[in-house]
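The lines below spell out each chain.
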Amino acid sequence: MGERTTRKRYRQKQYFVGIFAALLTVALSGCGPGQGEPAKQAVPHHSFVSHPDFAPPPMDITPGPAWRPDYEESTDLLFLTPIFETDTPSSGAMIFDSRGELVWMVPSDPADPTDNYFDLRVQQYRGEDVLTVYRGTRSGGRGNGEILILDQSYEPVASVTTAGSLGPDKADFHDSTITADDTMLIASYAPVPADLSALGGPEEGMIKDAVIQEIDIATGEVIFEWSATEHIPLTQTLLDFDVERNAQTDDEEELGTEGKPFDYFHINSMTEDHEGTILVSARHTSAVYRLDRVTGEVIWTLGGSASDFDLDEDAVFAWQHDAQRAPDGTLTLLDNHARGTDDQGASRALRLALDEQAMTASVVTEYHPLRERSSGSMANAQELANGNMLIGWGSQSHYSEHEPGGEVIYDVCHGESCYPDNVHGRGTSYRAYKAHWQGQPSGPPRVVVNQTEDEQVAYVSWNGATHVAQWRLIAGADEATAIPQARVEAETFETAFTVPGNAQYVGIQALDAEGRVLATGIPD
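Criteria and thresholds
- Residues numbered from 1 in each chain as written.
- Predicted model: local features only at pLDDT ≥ 70, side-chain atom pairs only at ≥ 80, totals over all residues.
- Heavy atoms only, no water.
- Helix = DSSP H or I, 4+ residues; strand = E, 2+ residues; numbered from the N terminus.
- Rg over C-alpha atoms; globule rule 2.2 N^0.38 Å.
- Buried < 20%, exposed > 50% of the residue type's maximum accessible area, 1.4 Å probe, protein only.
- Contact = heavy atoms within 4.5 Å.
- 1 Å grid on protein atoms, 1.4 Å probe; cavity = no way out; pocket = protein on both sides within 12 Å on 5 of 7 lines; lining within 4 Å.
- Points joined across faces, edges and corners; volume = space filled by probe spheres on them.
- Pairing = 2+ DSSP bridges.

Draft legend 1. Region of the structure containing the overall build of the chain. Looking only at helices and strands, one finds two helices and 35 strands in the chain. The C-alpha radius of gyration computed for the chain amounts to 25 Å, which stays within 12% of the reference 24 Å derived for 524 residues, consistent with globular compactness. Buried positions account for 54% of the 524 residues belonging to the chain. Taking the intrachain contacts of the chain between residues at least 6 apart in sequence as the baseline, contacts between residues at least 24 apart amount to 56%.

Draft legend 2. Examining the layout of surface pockets more closely. Roughly 1300 Å³ of internal volume is contained in the largest pocket. Contributions of two or more residues to the lining of the largest pocket are made by β11 (183-194) and β28 (426-435). The dominant element in the lining of the largest pocket, judged by the number of residues it contributes, is β11, at four residues.

Draft legend 3. Broad picture of the pairing of strand β25 (residues 398-402). With five of five residues buried, β25 lies mostly within the body of the structure. With burial as the criterion, each face of β25 is covered, one bearing His398, Ser400 and His402 and the other bearing Tyr399 and Glu401. Taken together, the four bridges between strand β24 (residues 389-392) and β25 define a ladder with antiparallel strand orientation. Looking at the pairing, Leu390 lines up with Glu401 of β25. Between the end of β24 and the start of β25, which pair antiparallel, lie five residues, with Gly394 showing a positive phi angle near 60°. Note: β25 against strand β26 (residues 408-413), five bridges, orientation antiparallel. When the bridges of β26 are listed, His402 appears paired with Val408.

This is how it looks when you write it as structure tokens:
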């Protein structure tokens, strides 16, 4: 335990000392690269000897009023896809434990424009827990790619993308919902001609049509397809065409043309609702739509300029994300109340009661962060099995958990928001999720032995393993004569052992809670 604790504290000291040293340098010099400007610094990151390609951000956990110590011992895991604009920390798909320790990650390749990850989460496919994650491009708030389905060994069992009228590899990153029939709801954007004169644009213009496809995961067949332009008038958009056009830079294509179609609708979630219907959230109309699964007709519209519901004043939302029907019949969503910049309005999560006879909507619960927070894009609100709400704050690099009444349990920062203004690189995660997950990697633990003048140190990690309780070092003249040398608790992603100086063979065993050997790693 002593060595394990020392190792953990050293790593924490390593990244916080780095940022302190950077700030001290600025203070002593009095200025940075510009006149009186502090030097820009990247967000701190962890580093690992056994995985030098991994550079995840640290998790800065702030307890809230509803905090209890047992939350730190939770076996549920957190699922993020942070994106950084600097070389470090890594962007990619990541899983963390309740203490903020890395469990698994796949880093993005910054040189590959198709290697971006979004929306990592646990879903069920064929009765088994799986991970789903988008991999593909990202540009202009949209993407073209595929949804990967990974089993508990992190091996792909399927991939889902668009088909039929859209062709392949056009799946967007905003949402991917596996249904009880083992189909998946995905979204895409297709450029189509449109008359934009009513919005102040060209008569022979181009828009992004928001398309939903339901795909049979096993066959890739399109089961259902829905087009926004066939059901939602362009005039429902709340984007001001002139404002958007005037905000363009000189090197951009003209808005509303083939080079830059106007995104009037912008789907960001689609989930199953009662009686086989579909709930759709459209950011650019600030509305939620309930769709008939057979005809595609809009059953009702909640919010926006054409709402079928009368919303109480405090129930009005704008630029929202992630509309879901809760088990109790209420509707949950993330009310961004801001778009583009993070200083337009205070964001919150909402639980709304919908009276579908009287067609009224009222607030049941509001979920606010510890301090007012404006998230101009992305974000989600996930109701947990115990009634708590897990909120990913999108363009603000935070997630938080709340009690059913809305009180904050904890708030976690994972990007530039944790640090002074001269620390940059963002670190936003499109969404954040919390779930139970059991991972058993198909390969063995990774072991690297470093030799210094004074000692040998062996470093071990097992990317994605969730059952490791302890690590045991075995060493000797060879494998046949090697004996146990030390055992430590598995508390962090990477563990270090001092190796006996005369050892020619080194192995590190992963042990479960009963002391059984799960796997053995040896140096390459």
